[in-house]
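# A closer look at the structure
Residues per chain, in single letters:
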Amino acid sequence: MLTSEMVKRFALECGADIVGIGSMDRFEGAPKECDPRYIFPDAKAIIGLGFRIHRGLLRGIEEGTYFAGYPAMGYASINDVFAPMVLRFVGNFIEDHGHEALLYQNTSVRLGCGVGKPVAEGLPKPDVFLHFRIAAFICGMGEIGYSKLLLTPHFGPRQRFAFLITDAPLEPDPIFDGGLCDRCMRCANECPAGAISKTRTVKIMVAGREIEWGEFDETKCAAVYQIGTPNCSPFLDDGTAKFVLDLIEGRTKMSAGEAFSKARQMVAYSRNAWESYHHPSAICGGMGCIRACMIHLESQGKLKNKFHQPFRRRKPWWHQAS
Ligand code: SF4
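First things first, this report covers the structure right here in the doc.

Attention now moves to the nonpolar core. Counting 36 residues, the largest nonpolar core has I47, L49, F51, Y70, L164 and L170 as the members making the most contacts within it. Listed by contribution, the elements that provide at least two residues to this core are α1 (4-14), β1 (18-23), β2 (45-52), α3 (69-96), β6 (159-166) and α10 (287-299). The element best represented in this core is α3, accounting for 9 residues. Setting aside residues up to four positions removed in sequence, L170 forms contacts with L2, T3, S4, V7, I21, A45 and I47. If you look at the next biggest cluster of nonpolar residues, it comprises 26 residues, including F40, L130, F137 and M141.

Encoded structure:
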């Protein structure tokens, strides 16, 4: 008989850094278009696989000298190369034990969620969108921090996820008890876009637990995480600098999709990232939501992945620039 222990051990052997298992009833209360039970009605379990983003991939951005490592190996290679491979191996393992495995890869959502017509009365519009951070929470892998990122006890905000949904009757992990995010607000204070509200929050209930995060401005983040701001990006000219400042200071209004496309097109470095890796250039390097949060959690000794040296070792170049 296939057990949760067997699945986890195998997934770790295949290269996942973190594995968690949740029961499908924990999606109770989810909006239809985000409820994976509509993808696989007879599913019993969801398996979360976590893949670390190497801290070293943020080093070049931290020093202001090499920005390509993070989008290439911290984004694209995980989402489009390594995670899909591990999904396949674990899927083989589950199906070799006579259970079905639906493999849900990160970038599959790009084809379009909720854009099709419902195929029958009562069903959601395809494709159903699996909210990765909430799914990781449901798999007991961590907590959603004020930044809205999923924080794990292993790497804090520094990982990406992929999921399998199966009808194998696997024992779920307990929901994570929390204790990582202490509302230090570094994510909101150091986000160069000012995209995380310091005052307004969003609250939802998942698996009987209340989750709260800072209200998030998707439009500001959509542009800034790709191309940065004049203060933290060496790739902007006067025109793109003005575009970003008008956006984050509210002089320009547009949807997240418009901001995303404009930023993607306006900066050659960003265009090249898409052409090369089909992923954003991520020049911001998660200045608030990833780096500031990680530095804070590491300084508190809260993370299992420990380093001999602190991440921030000198006055950041963008502080010297301002
Ligand atoms: S930076 Fe602080 S407030 Fe923000 S998610 Fe991390 S621990 Fe929580």
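Next up on the list: empty space enclosed by the protein. Per the stated rule, a full pass over the model turns up 1 cavity of 30 Å³ or more. When its volume is computed, the largest cavity comes out at roughly 100 Å³. Among the secondary structure elements, those contributing two or more residues to the lining of the largest cavity are α5 (186-190) and α10. The leading source of residues in the lining of the largest cavity is α10, at 3 residues. Looking at side-chain class alone, the lining of the largest cavity contains 8 nonpolar, 3 polar and 3 charged residues.

To find leftover empty space, one rolls a probe the size of a water molecule over the atoms. Here the largest pocket is characterised by a volume of approximately 1,600 Å³. Lining the largest pocket are 47 residues, and of these Y75, N106, R133, R160 and Y225 sit closest to its centre. Counting residues per element, the ones that place at least two in the lining of the largest pocket are α3, α4 (132-138), β6, α6 (218-227), α8 (256-266) and α10. Tallying contributions element by element places α6 first for the lining of the largest pocket, with 5 residues. Its residues assigned to classes, the lining of the largest pocket shows 30 nonpolar, 11 polar and 6 charged. For the second largest pocket, the calculated volume is near 240 Å³. Lining of the second largest pocket is provided by 16 residues; of these, A30, P31, I134, I204 and V206 occupy positions nearest its centre. Elements represented by at least two residues in the lining of the second largest pocket include exactly α4 and β7 (196-206).

Before going further, it helps to examine unusual backbone geometry. Backbone torsion omega between P126 and D127 reads -10°, so that peptide bond is classified as cis. Notably, M185 is not glycine yet its phi reads approximately 70°, a positive angle. Tracing the backbone shows M185 in the loop between β6 and α5. Accessibility expressed as a relative area gives 19% for M185, which makes it buried. A positive phi is found at A282, a non-glycine position, where the angle reads about 45°. As for its position among the elements, A282 is in the loop between α9 (268-277) and α10. According to the relative accessible area criterion, A282 is buried, its value standing at 1%.

About the criteria used
Every chain is numbered independently, its residues counted from 1 as its sequence is written. Per-residue local features are limited, in this predicted model, to residues with pLDDT of at least 70; the limit for side-chain atom pairs, both in listing and counting, is 80 or more; totals at the level of whole chains, interfaces and linings are taken over all residues. As a convention, hydrogens and water are excluded, and side-chain values are obtained from all of the structure's heavy atoms. Residues grouped as a nonpolar core are buried Ala, Val, Leu, Ile, Met, Phe, Trp, Tyr and Cys residues, joined through side-chain atoms within 4.5 Å. When a residue's accessible area, from a 1.4 Å probe over protein chains only, is under 20% of the maximum for its type it is buried; when over 50% it is exposed; and in between it is partly exposed. Secondary structure counts use DSSP, requiring at least four H or I residues in a row for a helix and at least two E residues in a row for a strand, with both numbered from the N terminus. Any two residues whose heavy atoms approach within 4.5 Å are treated as being in contact. Buriedness for pockets is judged along seven lines, at least five of which must meet protein on both sides within 12 Å for an open set on the 1 Å grid over protein atoms alone, while cavities are sets there where a 1.4 Å probe fits but cannot get out, and lining residues have an atom within 4 Å of a point. Grid points are joined across faces, edges and corners, and a volume is the space filled by probe spheres set on the points. Asp, Glu, Lys and Arg are counted as charged, while Ala, Val, Leu, Ile, Met, Phe, Trp, Tyr, Cys and Pro are counted as nonpolar; the rest, among them Gly, fall into the polar class.

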